[in-house]
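Reading the structure
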Amino acid sequence: MEQETKVVFKGNSEGLVIVIPEEYEFEQARKEIDNKVSNAARFFMGAKIKVTYRGMNLTPVQEEALKDIMDEKSGAVIESFSKDEEPKPNQFAARVVQPKPVPGRRLLFAGVDEGNCKFVRSTVRSGMRIEYDGNVVVIGDVNPGGEIVATGNVVVLGTLRGMVHAGADGNREAFIYALSLRPTQIRIAEVIARMPEDEPESGTLRPELATVKDNSIVVEQR
Amino acid sequence: MGEVIVITSGKGGVGKTTTTANLGTGLAVQGKKVVLIDTDIGLRNLDVVMGLENRIVYDLVDVIEGTCRLKQALIKDKRYEGLHLLPAPQTRDKNAVTPEQMLKLCDELKEEFDYILIDCPAGIEQGFKNAIAGADKAFVITTPEVSAVRDADRIIGLLEAHEIRKPRLIVNRVRADMVKRGDMMSIEDIIDILAIDLIGVVPDDENIIISTNRGEPAVIDGKSMAGQAYRNITNRLMGQDVPIMDLNVSEGLLSKMKKLLGFKTA
Ligand SMILES: Nc1ncnc2c1ncn2[C@@H]1O[C@H](COP(=O)(O)OP(=O)(O)OP(=O)(O)O)[C@@H](O)[C@H]1O
Ligand SMILES: [Mg+2]
């Protein structure tokens, strides 16, 4: 019988976050981490990652022990292993992500490829704010003064004129897609872009995809 | 059973009171029993626009607090059979009325009147909540300005959240010459953003100011452009009870407006 595991791996823009329940047996945590990194060794292979942990307080000796396991079993170079500072109160709840091997990618933030999704079936009007830990699909427009903040991707099947923040917990892999992209501002992770002011709104829809490339948001027609 | 329609906008000064006065008068001229309620407590002016200021004895809060009977507070407009005004108090606080009390009042008025038009104050605070509490339908007023459209959008969202579905749009103070030059948002642009049904477009017209000062709504002035626009809206509103006629009127009105404003036929 497989035992329930409580330790959770999450990706962020820096590397990996390990969430260990506050009141947890160190030995149990060590075992779970050992298991997880062993299983995901192909996924970590060759990567250089910074590891932080949240929840349980570890002694320096325990930290060292966990770092050694990671170093040994993951095949990645562990640049650092330290306690994460507390998440700010307005941040999203921890995104639960199990790393899984995907060839050709070094770090994976599951969810932007496949994961939780919220469907919004109405126009997002001025003054409305939609926050979601996952991907958001709007069937309708996002109007000026409306806001969508998602840890995953944001897809607008309509005209995007408001503000959208994708990958809000720091995930630069997230994208924003709209049938007509005319936002006041878009953000992906911590990268911010605004649209040129004098571009007239054209009558025909021109689907566009916004992604992060080299520290800036690029928009391409799709 | 009558119909309660709130006339609202978010942004101030875009024409809520003007529209309430004109539609109310238009409906009364067509033989309907109408009551106009001014819910702009402390900043009332529907009575002035209607030229009924000097006849106020009791007001909305007197009715709600039971100081007088509803009948006593309703001012009958002697010029137009069937038209009544329930004025707002000028010296009371907005919190003197609750949404529950407004709902009860509207339900009572519906028994006797065909239309209850509610002139909503600007903003989204208590006064707005009171004004929409008893409403079955809403007309959202905007002018062709980015800020007014933004506020209208906010209001539409709040109306929907309060289960007042499918509000209808009136675009006021449109200047065809400015739209043509590209200096003013077109009706198309506005509808594109707000995504609700248009019930009418009212041109910017100095007759409105003249008629407001006289206390005689422009809707009865055969020569006023804005008056004609309000007559059209009145007809469309009444057409709602007769779906087929509604369609005809809407099409005729729209195609006429398109020509008038020099639209591209996309
Ligand atoms: N179509 C129009 N053409 C010219 N002037 C207009 C028109 N509509 C309204 N006005 C003028 O604009 C001013 C504001 O109108 P009104 O009082 O109806 O707005 P309101 O939305 O009720 O304002 P408030 O938010 O203060 O209650 C008035 O002076 C009125 O005469
Ligand atoms: Mg007013």
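Calculation criteria
Residues numbered from 1 in each chain as written. Chains lettered and ligands numbered in written order. Predicted model: local features only at pLDDT ≥ 70, side-chain atom pairs only at ≥ 80, totals over all residues. Heavy atoms only, no water. Helix = DSSP H or I, 4+ residues; strand = E, 2+ residues; numbered from the N terminus. Buried < 20%, exposed > 50% of the residue type's maximum accessible area, 1.4 Å probe, protein only. Contact = heavy atoms within 4.5 Å. Areas by Shrake-Rupley, 256 points an atom, 1.4 Å probe, with all protein chains shown as cover. Expected span 1.5 Å × (residues − 1). Polar contact = N/O pair within 3.5 Å; in protein donor to acceptor, adjacent residues only side chain to side chain. pLDDT = per-residue confidence, 0-100. Pairing = 2+ DSSP bridges. Axes fitted to C-alpha atoms, helices over the stretch in contact; angles between N-to-C directions. Core = buried A, V, L, I, M, F, W, Y, C linked by side-chain atoms within 4.5 Å. Right-handed = clockwise from strand over helix to strand, strands pointing away. Buried area = accessible area lost by both parts, 1.4 Å probe. Salt bridge = Lys/Arg side-chain N within 4 Å of Asp/Glu carboxyl O. Near = heavy atom within 4 Å. Nonpolar A, V, L, I, M, F, W, Y, C, P; charged D, E, K, R; others polar. Phe/Tyr/Trp six-rings, centres within 6.5 Å; stacked < 30°, edge-to-face > 60°. Lys NZ or Arg CZ within 6 Å of the ring centre and 35° of its normal.

A few points about the overall build of chain B
Per the secondary structure count, chain B includes 12 helices and eight strands. When burial is assessed residue by residue, chain B has 55% of its 266 residues classed as buried. Residue pairs at least 24 apart in sequence account for 75% of intrachain contacts in chain B once pairs closer than 6 positions are excluded. Surface exposure of chain B reaches about 12,100 Å², of which carbon and sulfur atoms provide 49%.

Some details on the overall build of chain A
The helix and strand tally for chain A stands at three helices and 15 strands. When each of the 222 residues of chain A is scored for burial, the buried share is 48%. Restricting to contacts in chain A with at least 6 residues of sequence separation, those with at least 24 account for 42%. In the form shown here, chain A has an accessible surface area of approximately 11,700 Å², with 49% of it arising from carbon and sulfur atoms.

Focus: helix α11 (residues 225-239) of chain B
Residues and elements named next belong to chain B. End to end, α11 covers 21 Å across 15 residues, agreeing with the expected 21 Å (1.5 Å per residue, within 8%). A large share of α11 lies buried, amounting to 11 of its 15 residues. Of the positions making up α11, those classed as buried are A226, G227, A229, Y230, N232, I233, T234, R236, L237, M238 and G239. The opening residue of α11, the one whose side-chain oxygen lies 3.3 Å from the backbone nitrogen of A226, is S224.

A look at the confidence of the model for chain B
Here chain B averages 88 in pLDDT, while 90% of its residues score no lower than 70. Segment residues 240-266 of chain B is flagged for pLDDT under 50; beyond a separation of four residues in sequence, or across chains, it makes 28 contacts in the model.

Comments concerning the sheet that holds strand β8 (residues 197-203) of chain B
Residues and elements named next belong to chain B. Pairing within the open sheet is mixed, and its eight strands lie in the order β3-β4-β2-β5-β1-β6-β7-β8. Each edge of the sheet is formed by a strand with only one pairing partner; in this case those strands are β3 (75-76) and β8. Sitting on the sheet, helix α5 (residues 99-110) is in contact with β1 (3-8), β2 (34-38), β4 (83-86) and β5 (115-119), with an inclination near 150° to β5.

With respect to the nonpolar core
All names here are of chain B. L86, L105, L109, I118 and L194 are the most contacted members of the largest nonpolar core, which totals 52 residues. Residue contributions to this core peak at six residues, all from helix α7 (residues 146-161). By size, the runner-up hydrophobic cluster in this structure holds 34 residues, among which are L36, L52, L85 and V219.

Brief notes about the pairing of strand β6 (residues 137-142) of chain B
All names here are of chain B. Burial of β6 is extensive: five of the six residues sit out of reach of the surface. Here four bridges tie β1 to β6, and the two strands are oriented parallel to one another. Directly across from T8, in β6, lies its bridge partner V140. Relative to strand β7 (residues 168-174), β6 runs parallel, the two being bridged by four bridges. Each bridged residue has a counterpart across the sheet, and for I141 the counterpart in β7 is I170. Crossover β6 to β7 through α7 is right-handed.

Focus on the interface of chain B and chain A
Counting residues at the interface gives 11 residues for chain B and 10 residues for chain A. Summing both sides of the interface, chain B and chain A together bury roughly 870 Å²; the carbon and sulfur share of this comes to 41%. Together, R150(B), D153(B) and I193(B) form the three largest contributors to the area buried by chain B at its contact with chain A, with a combined 52%. A salt bridge links R125(A) to E160(B); the shortest N-O distance between them is 3.6 Å. The interface formed by chain B and chain A holds six residue pairs in polar contact (both at pLDDT 80 or more) in total.

A word on the site of ligand 1
Residue and element names in this part refer to chain B. Taken together, 18 residues lie near ligand 1, and K16, T17, T18, N172 and D205 sit nearest. In this structure, an oxygen atom belonging to ligand 1 sits 3.2 Å away from a side-chain N or O atom of R173. A distance of 3.0 Å separates a nitrogen atom of ligand 1 from a polar backbone atom of P203. When ligand 1 sits alone it has 630 Å² of accessible area, and the protein chains cover 80% of it. Elements that contribute at least two residues to the shell around ligand 1 include exactly α1 (16-29), β7, β8 and α10 (206-214). Grouping the amino acids of the shell around ligand 1 by side-chain chemistry returns six nonpolar, seven polar and five charged.

Description of the packing of aromatic side chains
Applying the stated criterion across every chain yields a total of one aromatic pair over all chains. Between Y53(A) and F81(A), the aromatic rings sit 5.6 Å apart at their centres with planes inclined by 25°, giving stacked as the arrangement. On the criterion of sequence distance, the pair formed by Y53(A) in strand β3 (residues 48-55) and F81(A) in strand β4 (residues 77-83) is long-range, its members being 28 residues apart. Just as Y53(A) is buried, F81(A) falls in that class too. A cation sits over an aromatic face here: K33(B) above F113(B), 5.1 Å from the ring centre.

Some points on the pairing of β4(B)
All names here are of chain B. The side-chain alternation of β4 yields two buried faces, one formed by L83 and L85 and the other by H84 and L86. Of the strand pairs in this sheet, β2 and β4 are connected by four bridges, and their pairing is parallel. Bridge pairing in β4 links V35 to H84. Pairing of β3 with β4 involves two bridges; the strand directions are antiparallel. Residue pairing for β4: K76 is matched across the bridge by H84. Hairpin connection of β3 to β4: six residues between the antiparallel strands, including G82 at a positive phi of 95°.

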